[in-house]
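Chain by chain, the residues run as shown.
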Amino acid sequence: MRSVIITGVGDGIGAAIARGLHDRGHSIVLVSRGEKGRELASELSAPHIRCDLTDEKQVAGMSAEAHRLMGKVDSVVHAAGGYFRQQTVENTDPAFFTGALMNNALTFYNVVRATLGLLRASGHGSIVAVSAAPNVYLNSNIGYAAGKGSIQFMVKQLALELLHSNVTVNGISPGFFGRGKGSYPEGSTKLLQQGRLPGESIGKAVLFLLDNPLITGQLVEVDGGHSINIGAGL
Ligand SMILES: NC(=O)c1ccc[n+]([C@@H]2O[C@H](COP(=O)([O-])OP(=O)(O)OC[C@H]3O[C@@H](n4cnc5c(N)ncnc54)[C@H](OP(=O)(O)O)[C@@H]3O)[C@@H](O)[C@H]2O)c1
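Residues numbered from 1 in each chain as written. Predicted model: local features only at pLDDT ≥ 70, side-chain atom pairs only at ≥ 80, totals over all residues. Heavy atoms only, no water.

Asks: Can you walk me through the overall build of the protein chain in this structure?
Replies: Scanning the protein chain from terminus to terminus reveals 8 helices and 7 strands. Expressed as a percentage of the 234 residues in the protein chain, the buried residues total 51%. Considering only contacts within the protein chain whose residues lie at least 6 apart along the sequence, 70% involve residues at least 24 apart. (Helix = DSSP H or I, 4+ residues; strand = E, 2+ residues; numbered from the N terminus. Buried < 20%, exposed > 50% of the residue type's maximum accessible area, 1.4 Å probe, protein only. Contact = heavy atoms within 4.5 Å.)

Listed below in structure tokens is the structure:
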């Protein structure tokens, strides 16, 4: 059984991943800034650590606390991010752009730096970062695309850097996740919602990547084939 830090747990994909790992008996620590993460943690009887992952010091404290709570850290699932919204580049102001980049790219960088020593010590460490499938980022905004694109390049670079360290690094790129009618971010169209996925399938993909020492540097689209279904349009 793995001891796993899961970042970005609200009521969406991070929560679905947390439920999947919890149901299979893994130890989990949930990390987010807000109340939704705490509520999920209480539902799953798992610890929650409140942390702004853009703040290096807070992330270092979070990592130490997760280690104290679980006794070891084998894996990290980085689902924190967000900033999905359909908008033009003209309507994307610098604050939004920077927020999108920092909450995706910088948070991942901080989490990797803070946990890498623990992952190396585990002897079978693994990292899975959440990016986004093309049908999601191509219909969002330039900030979200920059943030999610950076995750994909960082996965490749880190996987190579850590190739001989017993730490694997992979990414998943989910399509639109189904949270039920009416719960999509403002601006999503009904057409886009047709690609929605059950959370369980995303959790299964994460688990598969977390637990295989021979898979590293891979980006897996978990989108129900939506992205290759070009003929049918988005
Ligand atoms: N929903 C989809 O259809 C979809 C599709 C493709 C990819 N994704 C990606 O999947 C991940 C989860 O997304 P979601 O849709 O489930 O919900 P979301 O609301 O976009 O999730 C973002 C999560 O990250 C946390 N977060 C953001 N910035 C943070 C920071 N600085 N420090 C700590 N936590 C932070 C948020 O919690 P707090 O605000 O409480 O901190 C929230 O739990 C995101 O990376 C998203 O881009 C989602």
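Asks: Which parts of the structure should I look at to understand helix H3 (residues 56–70)?
Replies: Each turn of an α-helix holds 3.6 residues, which means side chains three or four residues apart point in the same direction. Along its 15 residues, H3 runs 21 Å from first to last C-alpha, staying within 8% of the 21 Å computed at 1.5 Å per residue. Taken as a whole, H3 has its buried residues at Val59, Met62, Ser63, Ala66 and Met70. With its buried residues spanning 100 degrees around the axis, H3 presents them on a single face. What points out from H3, more than 90 degrees from its buried face, is the exposed set Lys57 and Arg68. (Expected span 1.5 Å × (residues − 1). Arc of directions from axis to C-beta.)

Asks: Would you mind going over the pairing of strand S6 (residues 167–174) with me for this structure?
Replies: Residues in a regular strand project their side chains so that they alternate between the two faces of the sheet. When you tally the buried positions in S6, you get 8 out of 8 residues, the bulk of the element. Residues Val167, Val169, Gly171 and Ser173 line one face of S6 and the alternating positions Thr168, Asn170, Ile172 and Pro174 line the opposite face, and both faces are buried. With 6 bridges connecting them, strand S5 (residues 125–130) and S6 associate as parallel partners. Directly across from Val128, in S6, lies its bridge partner Asn170. (Pairing = 2+ DSSP bridges.)

Asks: Explanation requested: the pattern of salt bridges in the structure shown.
Replies: A side chain with one charge may pair with a side chain of the opposite charge, provided their charged atoms come close. Inspection of the entire model under this criterion finds 7 salt bridges. The shortest N-O distance in the salt bridge between Glu35 and Arg38 comes to 3.9 Å. Taken together, the residues span about one helical turn, with Glu35 and Arg38 both in helix H2 (residues 35–44) at a distance of 3 residues. On the basis of relative accessibility, which here comes to 42%, the residue Glu35 falls in the partly exposed class. You can call Arg38 partly exposed: its relative accessible area is 35%. A network of salt bridges, in which partner residues are shared, links Glu35, Arg38 and Arg50. (Salt bridge = Lys/Arg side-chain N within 4 Å of Asp/Glu carboxyl O.)

Asks: Would you mind showing me how to read the packing of helix H4 (residues 94–122) against helix H6 (residues 142–161) here?
Replies: The axes of two packed helices give the description: the angle between them and the distance between them. For the pair H4 and H6, the least separation of the axes is 6 Å and the interaxial angle reads 20 degrees. Taken as axis vectors, H4 and H6 run roughly parallel relative to one another. Both H4 and H6 take part in a crossing whose hand is right-handed. Listed contacts from H6 to Phe97, Ala100, Leu101, Asn104, Ala105, Phe108 and Val112 of H4 are Ile142, Gly143, Tyr144, Ala146, Gly147, Lys148, Ser150, Ile151, Met154, Val155 and Leu158. Split into classes, the residues belonging to the contact of H4 with H6 amount to 13 nonpolar, 4 polar and 1 charged. (Axes fitted to C-alpha atoms, helices over the stretch in contact; angles between N-to-C directions. Parallel < 35°, antiparallel > 145°, perpendicular 65-115°, else oblique. Left-handed = near helix turned anticlockwise from the far one by under 90°. Nonpolar A, V, L, I, M, F, W, Y, C, P; charged D, E, K, R; others polar.)

Asks: Teacher, can you tell me more about the packing of H3 against H4 here?
Replies: Look at H3 against H4: their axes get within 9 Å of each other, and the N-to-C directions meet at 35 degrees. Crossing handedness for the pair H3 and H4: right-handed. Residues Glu56, Val59, Ala60, Ser63 and His67 of H3 pack against Asn110, Val111, Arg113, Ala114, Thr115 and Leu118 of H4.

Asks: Looking at this model, I keep getting lost on the site of the ligand. Mind explaining?
Replies: Ile13, Arg33, Gly34, Asn103 and Lys148 are the nearest of the 30 residues found near the ligand. A distance of 3.4 Å is found between an oxygen atom of the ligand and a backbone nitrogen or oxygen belonging to Gly82. At a separation of 2.7 Å, a nitrogen atom of the ligand approaches a polar side-chain atom of Asn103. Bound to the protein, the ligand loses 85% of the 850 Å² it would expose on its own. Of all the elements in the fold, those that place two or more residues in the shell around the ligand are helix H1 (13–23), H4 and H6. For the shell around the ligand, the class distribution of residues is 13 nonpolar, 13 polar and 4 charged. (Near = heavy atom within 4 Å. Polar contact = N/O pair within 3.5 Å; in protein donor to acceptor, adjacent residues only side chain to side chain. Areas by Shrake-Rupley, 256 points an atom, 1.4 Å probe, with all protein chains shown as cover.)

Keep in mind these numbers describe shape, not what the thing actually does.
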